[in-house]
Every structure is written in C-alpha cells, then in structure tokens.
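Spelled out from the first residue to the last, the chains are:
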Amino acid sequence: MEIKMSSSTSTEPCEIVTGEACGYVIFGASGDLSNRKLIPAVFSLFRAKKIPDNFFVLGFARTVMDDHAFRLKVKDSIQQAYGDIVEPEIDTFASKCFYVAGSYDHNDVFFHLNEKIKYLGKMFATGGNLVFHIATPPTLYATIVSLLGKNDLVKRKQNKSPFQRVIVEKPFGRDLESAVQLNKDLLEYLTDQQIYRIDHYLGKETVQNILMFRFANQLFEAGWNCQHIDHVQITVAEQLGVEHRAGYFEQAGLLRDMFQNHILQLAALVGMEPPVEFSADSVRDEKIKFMKSIRPFDLNNLQKQLVMGQYGSSNPANTQTLKAYREEEGVATTSCTETYFSMKFFVDNWRWKDVPFYLQAGKRLEKKLTRIAVVFKKVPHGLFAGNWQGTIPSPDVLILDIQPQQGISFLFQAKVPGSKMCLEELRMELDYREFFGAKMDEDYSTLILDCMLGDQTLYWRKDGVETSWKLLTPVLKKWAAKSQKEQDSLLERYAAGGWGPAAGKRLIEQDERKWIVT
Ligand code: NDP
C-alpha cells in the first residue's frame, strides 16, 4: 500500500548563486561527454543566469572544425538535450562559443591556444579567470596539464582571482600506483585547490540531499547507528549494456568503474560522521575517515564477500534477443571483464560495528536503478495478537532513490482498518522531481558551477582518491593475477535483462536479508 507525502512550500526563495566571469575551456570538445553533458550543462547555467555575461566557451580537440562548425555542434547538442529551447536563446549562447583544433601534445598548439584565450579574455572581460575541463582519454590528463603549465595557462597558486582551475574527468587512475602518479604529475603544475577531480554522481541533487537529510533532521540521525540499523544496501543497476564504450570498459571492468568512485562516495555519505562545519575540507575529511574505517578485504576468502559476474545473451519476454557481453562490438570473445559485482563489507568504527554494507552494481540488469536502502532492525518482540502473534513484522526501511526516480520513501508497518490486528507495510513517498520540478539542476551544471565558484565540496580530494584506490587495488591485483581459465570459472554468468547471477542474491540471502529493488 502506498501513501503520498506532501511538503509545505517555503515562502523564502532559496539563494541563487552566480559564478564569476570566466572562460570555460573543454579539452575533448568533439567527444561524447562534451556533446551529451558538458555543453548542455553550461547552457543550462547560462539560461538560468547562473553564469554572468562575461563568459566564453572554448572547445579544443584534434577534429578539424572552425568556430562556425563548432557552434553548429553546440546548437545540436543543446537541441538534443532540451528539445523545447527557443532559437534566440541558443544563438546568444552559441555566439560565445569558439574552437581551436590541434594535437594535445604539441607545444605550438598550446601557444596558439594561449593567444586565443587572451584574445577572448579581453573580448569578454573575464579578468583572466579560467576553468579547464579535461574530457579526453585519461592517458592525456597529465600531458595536457603539463603543457598548460609550460605555456603559462595555469600557474601553481591558491584558488584566488584571477583563478585557473582544472576539472579532471573520471577515471582518476586505474589503481593506487597510477592515481598517486597522476596526483604527482598534476601537483607539479597545480595546487590541490586548483584540481577538481569529478565524480558526477556527487552533483545529483538526491546525492547532495543525503547530507541534508541526515544532518538537518534529528529523527533519523538519532537512530543512524549499529543500535538501530540492521544493514545498508546500495544498488547501482544499469539497463544498458556496454554500448559504444567497449574499448574503455574492457580495460576497466565494473568494479574499477563503479566501486572506487560512485558507490564508495554513496557509502561514505551514508556512513560518515557529521563534519565540524559545512566546508569542502571538513566534509571531505569525514568521508575519508569513513573510507579508512572500511575493513580491508580478506583476500584469502574473497568469495565470501565479493561476487563477480558477466551477462550472457537472453530473450526476455520473447521480444528482442539481448546479446551476451562477449558478443558485443569491441569485446573479446574470451573476455573475463566483469559486468556485475555484489559485495559485502564492514566498517570498523563505533557507529557501524557489525552492520554489513551490501553493494551491487551491474550492466544489462532488469531496469535502471540507483538506490540506497537503510534497513532498520526489527522490533525486539512480536506484540500483536491474531495472525501476528509471536511474529516480528518486517523492519522499517528508508529508501533514498538517486536515479531514475529521485526521492525518499519510508516503509513502515501500520494497522489495516477494520481488522482486529492485521498489519500492512505502508510506503510514504516524496518524489523529488515532482515536488521541486523545474528547480532541479542537472549533475554537471551543479559541478561546473561549483568549480566556477571555487567550491570543492563535491569534488574528490587527493587523499580521498588515494584512500579509495588503496582499498580496491589489492582486490584488482588478486583478480588480475589469476589465469584466464580461473577467471572464467569464477565469473558468474547471468541472463541479460535480469537481476544478476544467483550468487549475487545468495551473498545477501545467506544472511537472511534481500535486495530491495522493487
Ligand atoms: P570520446 O571518445 O567520445 O571523446 C574523447 C575526446 O578526446 C574526443 O574529443 C577526442 O577528440 C579526444 N581525443 C584525444 N585523443 C584521443 C585519443 N587518443 N583517442 C580518442 N579520443 C581522443 O570519450 P568521452 O567523451 O566519452 O569521454 C571523455 C572522458 O570523459 C573520458 O576520460 C571518460 O572516461 C570520461 N567520462 C565520460 C563519460 C561519458 O558518459 N561519455 C561519463 C563520465 C566520464 P579528437 O579525436 O577530435 O581529439
């Protein structure tokens, strides 16, 4: 049974902040991310007047284009993202967009880039403020930053005006060693206050809301500990398969792609202690403290806490056949790359003693769903008579839905009217998008604006990214050390379009708990 929750609308308008005048330079401007996310995000900031008129976009990539061709591409990506936009709005935005073509590792090109940036800086009176967004393959991150440094496009200094800040896309490294090296390379030319290591999940309103929900409401926080919580579970399910990203995914795998960043960030938001203040460093200090408290994986008994899987072909509901991962374009026919994992870990601190955290993520699952479920302990005694006598009712569950639904639900027991003693589980639900509607910002808009404002709260800090890799790297190494034959036999197969392998269910069900995905 479901009941809707309403909320009183505040009469106080929420503060709308505007970024400072600046130039926004995209490396990899001809790519998918720029096209689908970055350009629409910057446009939406422009449209909402969250960036001032003193602003320009400069795209950079090897693909040969002039300003005119780039503007057509910009208009097209905005139309694709928001079909309902009126032409003059797009034209005004496009007139602020420019392009430079060239190779990422040629000094001469960076000299030319510098000249164009200076020219545009004067034209738009941006006061020398610059945000560089590196959206290229990760192998180029260090090269680009070194050439920015050598050409005086960035100077190593504090986050002060005129500022130069660099947003670095994920993945940030592929293990601890490479992440440490990348940090070292970037820190040669930038301070950590100038480096914005992105995890776009953190830009989602519902993810940001986890901290507000926990620390602005006494009720739940009072019971947010091992005395009252039975377990926490996080599901990140994708309905899509590997799509066009096989080249990257074959090298990465899902554990590397999802656990080290998105999922660990979600777990940290649920599990961290209250920060001393709401500042970038205080929040990140607490998240890192949480990650450091996660008990290292027991490499000799890994199968007890980790299941890896790969999707096979299937024909759900006898419609269209879904290909197996190994049949996807660009994937080796013998590939042992995992497209699913489920995991259980413990957090060795006062708050979370003996409370398991269960995580599962997968491609080609039944539906797209990112959800955190905090499952409370059952009541200690079955009080009610009749059918319920002696039976302990289901526990209360708090569900934080991140995507595609964005909202909060609370499952609790209530009396069925007319019955003597029957209980039923009710669901109180707040749909974030329905309630706040147009006020919802897209993740990349939030993050890009934060960078323009110099706010690093939602970005990874150097020690955070290294802590997360430190936790995962031994597991990755253990897996990589296995022969192809061993990996093949350990990989649990699951039918595309389902809810993952049976072993993934067993991981939680053997503890008499279950995944909450419906
Ligand atoms: P694409 O392959 O679509 O684009 C890559 C961009 O980098 C293009 O502009 C390409 O343009 C340029 N490039 C430069 N050198 C190379 C090279 N050697 N090989 C391929 N491209 C090159 O990638 P995405 O836009 O999908 O991803 C860019 C970055 O963003 C990656 O690090 C990715 O992990 C990250 N990311 C992407 C997401 C997405 O949804 N797409 C989500 C989250 C992160 P040109 O050839 O013209 O130079």
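Overview of the structure.

How each quantity is defined
- Residues numbered from 1 in each chain as written.
- Predicted model: local features only at pLDDT ≥ 70, side-chain atom pairs only at ≥ 80, totals over all residues.
- Heavy atoms only, no water.
- Helix = DSSP H or I, 4+ residues; strand = E, 2+ residues; numbered from the N terminus.
- Rg over C-alpha atoms; globule rule 2.2 N^0.38 Å.
- Contact = heavy atoms within 4.5 Å.
- Lys, Arg positive; Asp, Glu negative; His and termini not counted.
- Charge placed at Lys NZ, Arg CZ, Asp CG, Glu CD.
- Phe/Tyr/Trp six-rings, centres within 6.5 Å; stacked < 30°, edge-to-face > 60°.
- Buried < 20%, exposed > 50% of the residue type's maximum accessible area, 1.4 Å probe, protein only.
- Near = heavy atom within 4 Å.
- Polar contact = N/O pair within 3.5 Å; in protein donor to acceptor, adjacent residues only side chain to side chain.
- Areas by Shrake-Rupley, 256 points an atom, 1.4 Å probe, with all protein chains shown as cover.
- Pairing = 2+ DSSP bridges.
- Patch = residues over 30% accessible without salt bridge, like charges linked within 9 Å, V, L, I, M, F, W, Y side chains within 5 Å.
- Salt bridge = Lys/Arg side-chain N within 4 Å of Asp/Glu carboxyl O.
- Axes fitted to C-alpha atoms, helices over the stretch in contact; angles between N-to-C directions.
- Parallel < 35°, antiparallel > 145°, perpendicular 65-115°, else oblique.

### A closer look at the overall build of the protein chain
Looking only at helices and strands, the protein chain has 16 helices and 16 strands in total. A compact globule built from 518 residues would reach a C-alpha radius of gyration of about 24 Å, and the protein chain, at 24 Å, matches this within 12%. Overall size of the protein chain, expressed as C-alpha extent along the three principal axes, is 80 × 65 × 50 Å. Within the protein chain, counting contacts between residues at least 6 apart in sequence, those at least 24 apart form 77% of the total. One way to put it: in the protein chain the 63 positive side-chain charges average out to a point 3 Å from where the 64 negative ones average out.

### Observations concerning the packing of aromatic side chains
Scanning the model with the defined rule gives 28 aromatic pairs in all. Between Phe60 and Tyr104, the ring centres sit 5.5 Å apart and the planes meet at 65 degrees, which makes this aromatic pair edge-to-face. Separated by 44 residues along the polypeptide, Phe60 in strand S3 (residues 55-61) and Tyr104 in the loop between strand S4 (97-101) and helix H4 (107-123) bring together distant segments of the chain. Aromatic side chains Phe220 and Phe410 sit 5.5 Å apart centroid to centroid with 75 degrees between the ring planes, which places their arrangement in the edge-to-face category. Pair noted here: Phe220 is in helix H8 (residues 218-222) and Phe410 is in strand S14 (residues 407-415), with a separation of 190 residues, a long-range link. The exposure class of Phe220 is buried, given its relative accessible area of 17%.

### Let's talk about helix H5 (residues 141-150)
For H5, the tally of buried residues reaches 8 of 10 residues, placing the bulk of the element in the interior. All of the buried residues in H5 are Tyr141, Ala142, Ile144, Val145, Ser146, Leu147, Leu148 and Gly149. Considering only its buried residues, H5 is in contact with strand S2 (22-27), H4, strand S5 (130-134), strand S6 (164-168) and helix H6 (176-187). Looking at the residues trailing H5, positive phi occurs at Asp152, about 60 degrees.

### Some thoughts on the site of the ligand
Close to the ligand lie 21 residues, the nearest being Ser30, Asp32, Leu33, Arg36 and Thr63. A distance of 2.8 Å is found between an oxygen atom of the ligand and a side-chain nitrogen or oxygen belonging to Ser30. A distance of 2.4 Å is found between an oxygen atom of the ligand and a side-chain nitrogen or oxygen belonging to Thr63. Starting from 860 Å² of accessible surface for the ligand in isolation, the protein chains cover 75%. Ranked by residues supplied to the shell around the ligand, first place goes to helix H1 (residues 32-47) with 3 residues.

### Let's talk about the pairing of S5
Of all 5 residues making up S5, 5 are buried, and the element is well covered by its neighbours. Neither face of S5 is open: one carries Leu130, Phe132 and Ile134, the other Val131 and His133, and all of them are buried. In the sheet, S2 pairs with S5 via 5 bridges, with the strands oriented parallel. In the sheet register, Ile26 faces S5, and the bridge partner there is His133. Direction of pairing for S5 relative to S6: parallel, over a ladder of 5 bridges. Residue pairing across strands places Leu130 opposite Gln164, the latter belonging to S6.

### Things to note about the environment of Val207
Within the secondary structure, Val207 sits in helix H7 (residues 205-215). Judged by its relative accessible area of 1%, Val207 falls in the buried class. As a C-alpha pair, Val207 and Lys292 span 85 residues in sequence and 21 Å in three-dimensional space. Contact partners of Val207, with chain neighbours within four places excluded, come to Tyr201, Leu202, Leu266, Leu269 and Ile402.

### Some details on a nonpolar patch on the surface
Taken together, the side chains of Leu383, Phe384 and Met421 define a hydrophobic patch exposed on the protein surface, amounting to about 280 Å² of accessible area. For Met421, the location among the structural elements is in the loop between S14 and strand S15 (423-431). Judged by its relative accessible area of 34%, Met421 falls in the partly exposed class.

### A look at the side chain of Ser44
By the element assignment, Ser44 lies in helix H1. Apart from the residues within four sequence positions on either side, Ser44 is in contact with Tyr82 and Ser445.

### Details of the packing of H7 against helix H10 (residues 254-271)
Contact geometry of H7 with H10 gives a least axis separation of 9 Å together with a crossing angle of 10 degrees. In terms of orientation, H7 lies roughly parallel with respect to H10. Between H7 and H10, the contacting residues are Val207, Ile210, Leu211 and Arg214 on the first element and Leu266, Leu269, Val270 and Gly271 on the second.

### Regarding the sheet that holds S5
Across the sheet, which stays open at both edges, the 6 strands sit in the order S4-S3-S2-S5-S6-S7 with parallel pairing between neighbours. One side of each edge strand has no neighbouring strand; the edge strands of this open sheet are S4 and strand S7 (195-197). Strand-to-strand twist across the sheet, computed as the mean angle between neighbouring axes with direction ignored, equals 20 degrees. Along the sheet face, H1 touches S2, S3 and S5 and points at about 175 degrees away from the line of S2. Running over the sheet, helix H13 (residues 443-453) touches S2, S3, S5, S6 and S7 and is turned about 150 degrees from S6.

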